[in-house]
Amino acid sequence: MARSSADDVELKRACEASIEGSKHKIVLSIRVAKSRGIFGKSAKLGRQMAKARVIAITTKSKGQKTKAFLRVLKYSNGGLLEPAKLYKLKHLSKVEVIQNDPSGCTFMLGFDNLRSQSVAPPQWTMRNKDDRNRLLLCILNISKEVLGRLPKVVGIDIVEMALWAKENSPLTTNRTITEDGVATSVIIQIDTQVTVEKDLLSQAEVEDMEALLGTYFMGVGEADVFSERMKRELQALEAANVHALLESEAIIEEVLHCLEVAIICVEDMDEWLGIFNAKLKHMREDIELIEARNNKLELHSANHKELMEELDKLVGWLHIPPELATCLTAGSFDEPRVMKNIEACEWLIGAIRHLQVPILDPSYANMQAVKEKRVELEKLKSTFVRRASEFLRNYFASLVDFMINDKTYFSRRGSLKRPDHADLRYKCRTYAQLLQHLKSLDSNSLGPLRKEYCHSLNLLLRREAREFANELRASTKVGKAPTVWFESSAGSGQTANSAETGVLSEAYSKMLTVFIPLLVDESSFFAHFMCFDVPKLANGSNCGSDGNGKTDDDQEGIDSGSSTTELSFLNESLQELLDGIQEDFYSLLDWAFKFDPLRCISMHGITERYLSGQKVDTARFVRLLLDDLETRISMNFGRFVDDCIYMIEKTERNARQLGVLPYIPRFAFLATRMEQYIQGQSRDLVDQTYTKIVSIMFVCLERTAQMEPKYSDIALLENYAAFQNSLYDLANVVPTLAKFYRQASESYDQACTRHINMVIFITFERLFIFARRIEELMVTLTPQEIQFQVGMSKADLRKMLKSSLSGLDKTINAMNKKLQKNLTSEELLPSLWEKCKKDFLDKYGSFVKLVNQIYPGESVPPVSEIRELLAQM
């Protein structure tokens, strides 16, 4: 058997949700079908379709009082339950099961408070008799418990219901109790048998029925007799029913007649409703047509409004104000009217842009009026660009001519004036915005303007640089020019000039301090005044540095982040703007070089400091100018170094062999002066000079010493010693000179060793020749065989010792005199004599070891004796 909807928990929850807030508790909820048809009649009578509903039996407690209700719920369009009807069970007067329904599942509920009793109450159809009996028993039980009475029951046997209740006892229902907002399902068992016995029949009715049954004699003694009696009674009952039907035939015919009349009325009404429905359908179509036409009219109205706005906007774009047209074609460009010209130019740019396709709708682009207006605007543009370009070219030339003709702008005799372009830039900035608009209108128009500006300003800058450099040279007082270095006439006069030539470096530094920031500022101003697409340069007023602590922060570059093409155009323009100014810097460098070539070192350091301060992205021409100045300084100083080398080589040809060569002390003096002039990063230049000159000096010294090989070692050791003595202090602080100092020290040691060995060998020639023969024989013979060789006997040994060591004090004195002979630097003699004694003792000690090894037992003066003798001398 299918599960009853009365046990559906979800259905019960849906019912509770639909009546939420009413404080009603649901006792039973069950699905039913609602209808008003009459069973057993024609299709017209049963035309109404059954509707799905849900009947919920609810109670509401108010104090000790409880009220019972019957709720009818229907399904909404969303499938949710919603309240439809509410009946109070206290008004329930009758429960009637429809006899015309063969299934017995249809019943009606009669309420005594309905307004219209002429309208038949709805019929409720259950799925089966079990659902019907469950609902009816629930209604009867609630009525008995809450109201204390029972409604009238028609069409159903009470005994049959009692039997059903016994078979289906206990009936389990699921009740949901809500406590503190939490729903709890509670199962309640209802003893149906007790309910039927106690509620359907009262005690008096039960007693009367028992009395009636007691007086009635059933006579069920024999089955055949009882069966015959039942047949007779059934025939009599059927006869009575047929008679009743025959008696009520007239009533039935009257009822059928009334029904036919009602059917005719219903059919007529159905026809009227069909007619009304057709009329309503046509009316609905007419309304829809009217609405569609109205929507189209509204759309046309909105489109026409938008079209009028667009046309008004287009007309506004096509209209040229007469005052602006006059300003563009014939207006003046004087300063008071600059803003008016800029306003007209901005309007022209906007008008041309609004007639271009990205802004203008493509559908307007081919309109004749738009084409004509575009041609007219192009004519206005070309006229304005031509007039503005011509005015600006003349304006730039007139500004520069005025400044050139006014001598107060330049340095004069006794007055060194720093160039000031603030007024020039201020006047040019008046037309800066106009130049930007000219670039927007026609970028090619800026080319001639840039050339004219560069040409005019180049004349001004070159004039300023020339006048400033001339006044610098005239106002700088320099003493007598220094003598030529490394010549025999070079002497103490150089010392006086070293302090006086410092003004040369100061003059060069002042030239850079004044003009490098000016050139960078002019490059920056030109790049942005002439609308090059490059980043803005920093203010160059802080550029430059001299020895007085002025800063050297350079400009932010004009070429970083810009396109290659634009940058190349800018560099070409800057070349035209600043070209030629380097000549005045060159003349100042050459002038300083003539007075003191060593000042190239300090000027090179100043230039290096400017270059190192310049970032990679600085003004290109300014950096090129500094590079050229550095190259010019290096070239001048290179000429000086070449002259020095020439003089050294010339001295080599004329120098005498013995004694210290003149260029050795002169180089020490030159190095001292060069170290005084070093500034900034000129260390590399000086080190390169040291390397070049000292290398040539050492080569020439070696060649000079080889002119007379007999005295070459004396010449070398004296000159290398002089080199070390003169450069000792500088070598401690200058790494390059320290390297040559070590080289000279090594060469000096080698020359000393060769010279001392020669003196020792000449003085004790036989002794050391005999020792050398022993060493040569030891290569091929054993020590015992050597004394048997010719000239190597013990007798030969004694003869050699007698001739070499007799009168040893006189021999040593002779060796000392030979050491002093041809030596011009007497201060070297003590160190040479000490080295000579030490080397002689070492050699004599080796000889004594050889004798003791080859000639055992022979008496040879010991080393200690010779050492004591040398110490006494």
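The shown structure was predicted, so the numbers you read here are calculated from the model rather than taken from an experiment.

**Here we look at the overall build of the protein chain**
Thinking step 1. Scanning the protein chain from terminus to terminus reveals 31 helices and ten strands.
Thinking step 2. Taking all 873 residues of the protein chain together, the buried fraction comes to 41%.
Thinking step 3. Summarising the internal contacts of the protein chain: among those between residues at least 6 apart in sequence, 68% fall at separations of at least 24.
Thinking step 4. Carbon together with sulfur atoms contributes 54% to the accessible area of the protein chain, which is approximately 48600 Å² in total.

**A few points about the nonpolar core**
Thinking step 1. In terms of nonpolar packing, the biggest core is built from 171 residues, with Phe667, Phe723 and Phe847 touching the most fellow members.
Thinking step 2. In contact with phenylalanine 723, other than residues within four places in its own chain, are Ile664, Phe667, Val694, Met697, Phe698, Phe740, Tyr741 and Ala744.
Thinking step 3. Counting residues in each nonpolar core, the second largest holds 32 residues, with Leu28, Leu89, Met126 and Leu135 among its members.

**A look at the packing of aromatic side chains**
Thinking step 1. Summed over the entire model, instances satisfying the criterion amount to 26 aromatic pairs.
Thinking step 2. On the numbers, 5.6 Å between centres and 35° between planes, the contact of phenylalanine 637 with phenylalanine 640 is tilted. Taken together, the residues phenylalanine 637 and phenylalanine 640, both in helix 20 (residues 620-654) and three residues apart, mark about one turn of the helix.
Thinking step 3. Residue phenylalanine 637 is classed as buried on the basis of its relative accessible area of 1%.

**Observations concerning the side chain of serine 523**
Thinking step 1. Inspection of the secondary structure puts serine 523 in helix 16 (residues 502-529).
Thinking step 2. A polar contact of 2.8 Å, which involves the side chain of serine 523, links it to the backbone oxygen of leucine 519.

**Description of the sheet that holds strand 7 (residues 123-125)**
Thinking step 1. The eight strands lie next to each other as 4-3-2-1-7-6-5-8, forming an open sheet whose pairing is mixed. Sheet topology places strand 4 (81-88) and strand 8 (152-154) at the edges, where each strand pairs with a single neighbour. For this sheet, the mean angle separating the axes of adjacent strands, direction not counted, is 35°.
Thinking step 2. In the sheet, strand 3 (residues 65-75) pairs with strand 4 via seven bridges, with the strands oriented antiparallel. Along strand 4, the bridge assignment pairs arginine 71 with leucine 86.
Thinking step 3. Of the strands in this sheet, strand 1 (25-35), strand 2 (51-62), strand 3, strand 5 (92-97), strand 6 (106-111) and strand 8 touch helix 2 (residues 129-147), which is tilted by about 135° from strand 1.

**Some remarks on a negative patch on the surface**
Thinking step 1. Side chains of Glu285, Asp286, Glu288 and Glu291 sit close together on the surface and give a patch of like negative charge.
Thinking step 2. Turning to its location among the elements, aspartate 286 is positioned in helix 7 (residues 249-318).

**Examining the pairing of strand 5**
Thinking step 1. Across five bridges, strand 5 lies against strand 6 in antiparallel orientation. Its bridge partner lying in strand 6, valine 97 is registered against phenylalanine 107.
Thinking step 2. Strand direction decides the pairing type here: strand 5 and strand 8, joined by three bridges, are parallel. When the bridges of strand 8 are listed, lysine 94 appears paired with lysine 152.

**Digging into the packing of helix 29 (residues 808-820) against helix 30 (residues 829-854)**
Thinking step 1. Look at helix 29 against helix 30: their axes get within 11 Å of each other, and the N-to-C directions meet at 135°. By the angle between their axes, helix 29 is oblique relative to helix 30. Between helix 29 and helix 30 lies a crossing whose hand is right-handed. Two secondary-structure elements touch here, helix 29 through Ile812, Met815, Asn816, Leu819 and Gln820 and helix 30 through Leu829, Leu832, Trp833 and Cys836.

**Points about the pairing of strand 2**
Thinking step 1. Sheet analysis places strand 1 next to strand 2, joined by nine bridges and oriented antiparallel. In the strand pairing of strand 2, serine 29 is matched with alanine 56.
Thinking step 2. With ten bridges joining them, strand 2 and strand 3 adopt antiparallel strand pairing. Residue pairing in the sheet places arginine 53 in a bridge with lysine 74 of strand 3.
Thinking step 3. The antiparallel pairing of strand 2 with strand 3 creates a hairpin that spans two residues between the two strands, and glycine 63 there sits at a positive phi of about 75°.

**Considering helix 13 (residues 432-441)**
Thinking step 1. The set of residues buried in helix 13 consists of Leu434, Leu435, His437, Leu438 and Leu441. Down the axis of helix 13, the buried set is contained in an arc of 160°. They therefore lie on one face.

**Things to note about the confidence of the model for the protein chain**
Thinking step 1. Overall, the predicted model of the protein chain reaches an average pLDDT of 77, with 82% of residues at or above 70.
Thinking step 2. Per-element mean pLDDT across the protein chain ranges from 38 in strand 10 (residues 182-190) up to 91 in strand 7.
Thinking step 3. Per-residue pLDDT stays below 50 along residues 39-47; that stretch engages in ten contacts with residues further than four places along the chain or on separate chains.

**Comments concerning the side chain of asparagine 719**
Thinking step 1. Along the chain, asparagine 719 turns up in helix 23 (residues 712-726).
Thinking step 2. For asparagine 719, a relative accessible area of 1% puts it in the buried group.

**Observations concerning the packing of helix 21 (residues 663-677) against helix 23**
In helix packing, the relevant descriptors are the interaxial angle and the interaxial distance, both defined with respect to the helix axes.
Thinking step 1. Here helix 21 crosses helix 23 at 15°, and the two axes come no closer than 9 Å. The pairing of helix 21 with helix 23 is recorded here as roughly parallel in orientation. You can see that helix 21 and helix 23 cross each other, and the crossing is right-handed. The segment helix 21 lies against helix 23, with Ile664, Phe667 and Ala668 engaging Asn719, Ala722, Phe723 and Ser726.

**A few points about the environment of leucine 661**
Thinking step 1. You can see leucine 661 is positioned in the loop between helix 20 and helix 21.
Thinking step 2. Residue classification places leucine 661 among the buried residues on the basis of a relative accessible area of 3%.
Thinking step 3. Taking the C-alpha atoms as reference, leucine 661 lies 10.0 Å from phenylalanine 723; in sequence the two are 62 residues apart.

**Remarks on a positive patch on the surface**
Thinking step 1. Together, Lys23, Lys60, Lys62, Lys65, Lys67, Lys88 and Lys90 make up a positively charged patch on the protein surface.
Thinking step 2. Those elements giving two or more residues to the positive patch turn out to be strand 2 and strand 3.
Thinking step 3. Inspection of the secondary structure assignment puts lysine 88 in strand 4.

**Focus: the pattern of salt bridges**
Thinking step 1. On inspection of all chains with the given rule, the structure shows 17 salt bridges.
Thinking step 2. In this structure, the salt-bridge partner of aspartate 596 is arginine 673, at a minimum N-O distance of 3.4 Å. Within this pair, whereas aspartate 596 is found in the loop between helix 18 (582-595) and helix 19 (599-613), its partner arginine 673 is found in helix 21, the two being separated by 77 residues in sequence.
Thinking step 3. Several salt bridges share partner residues, and in doing so they unite Glu675, Arg683 and Asp687 into one network.

**Quick notes on helix 3 (residues 158-167)**
Thinking step 1. Every buried residue of helix 3 is accounted for by Met161, Ala162, Trp164 and Ala165. Buried residues in helix 3, looked at end-on, bunch into an arc of 160°, giving them a common side. Facing away from the buried side of helix 3 by over 90 degrees, the exposed positions are Val159 and Glu167.

**Focus: unusual backbone geometry**
Thinking step 1. Of note in the backbone geometry, lysine 23 takes a positive phi value of approximately 65° without being a glycine.
Thinking step 2. Examined against the element boundaries, lysine 23 turns out to sit in the loop between helix 1 (9-18) and strand 1.
Thinking step 3. Take lysine 23: its relative accessible area is 71%, and that puts it in the exposed class.

**Observations regarding the environment of lysine 650**
Thinking step 1. Position of lysine 650 among the secondary structure elements: in helix 20.
Thinking step 2. Remark: the alpha-carbon pair of lysine 650 and cysteine 700, spanning 50 residues in sequence, is separated by 9.8 Å.

**Thoughts on the environment of proline 662**
Thinking step 1. Inspection of the secondary structure assignment puts proline 662 in the loop between helix 20 and helix 21.
Thinking step 2. Classification of proline 662 as partly exposed rests on a relative accessible area of 31%.
Thinking step 3. The spacing of proline 662 and isoleucine 648 is 14 residues in sequence and 9.0 Å in space, taken between C-alpha atoms.

Cut-offs used in this document
- Residues numbered from 1 in each chain as written.
- Predicted model: local features only at pLDDT ≥ 70, side-chain atom pairs only at ≥ 80, totals over all residues.
- Heavy atoms only, no water.
- Helix = DSSP H or I, 4+ residues; strand = E, 2+ residues; numbered from the N terminus.
- Buried < 20%, exposed > 50% of the residue type's maximum accessible area, 1.4 Å probe, protein only.
- Contact = heavy atoms within 4.5 Å.
- Areas by Shrake-Rupley, 256 points an atom, 1.4 Å probe, with all protein chains shown as cover.
- Core = buried A, V, L, I, M, F, W, Y, C linked by side-chain atoms within 4.5 Å.
- Phe/Tyr/Trp six-rings, centres within 6.5 Å; stacked < 30°, edge-to-face > 60°.
- Polar contact = N/O pair within 3.5 Å; in protein donor to acceptor, adjacent residues only side chain to side chain.
- Pairing = 2+ DSSP bridges.
- Axes fitted to C-alpha atoms, helices over the stretch in contact; angles between N-to-C directions.
- Patch = residues over 30% accessible without salt bridge, like charges linked within 9 Å, V, L, I, M, F, W, Y side chains within 5 Å.
- Salt bridge = Lys/Arg side-chain N within 4 Å of Asp/Glu carboxyl O.
- Lys, Arg positive; Asp, Glu negative; His and termini not counted.
- Charge placed at Lys NZ, Arg CZ, Asp CG, Glu CD.
- Parallel < 35°, antiparallel > 145°, perpendicular 65-115°, else oblique.
- Left-handed = near helix turned anticlockwise from the far one by under 90°.
- Arc of directions from axis to C-beta.
- pLDDT = per-residue confidence, 0-100.

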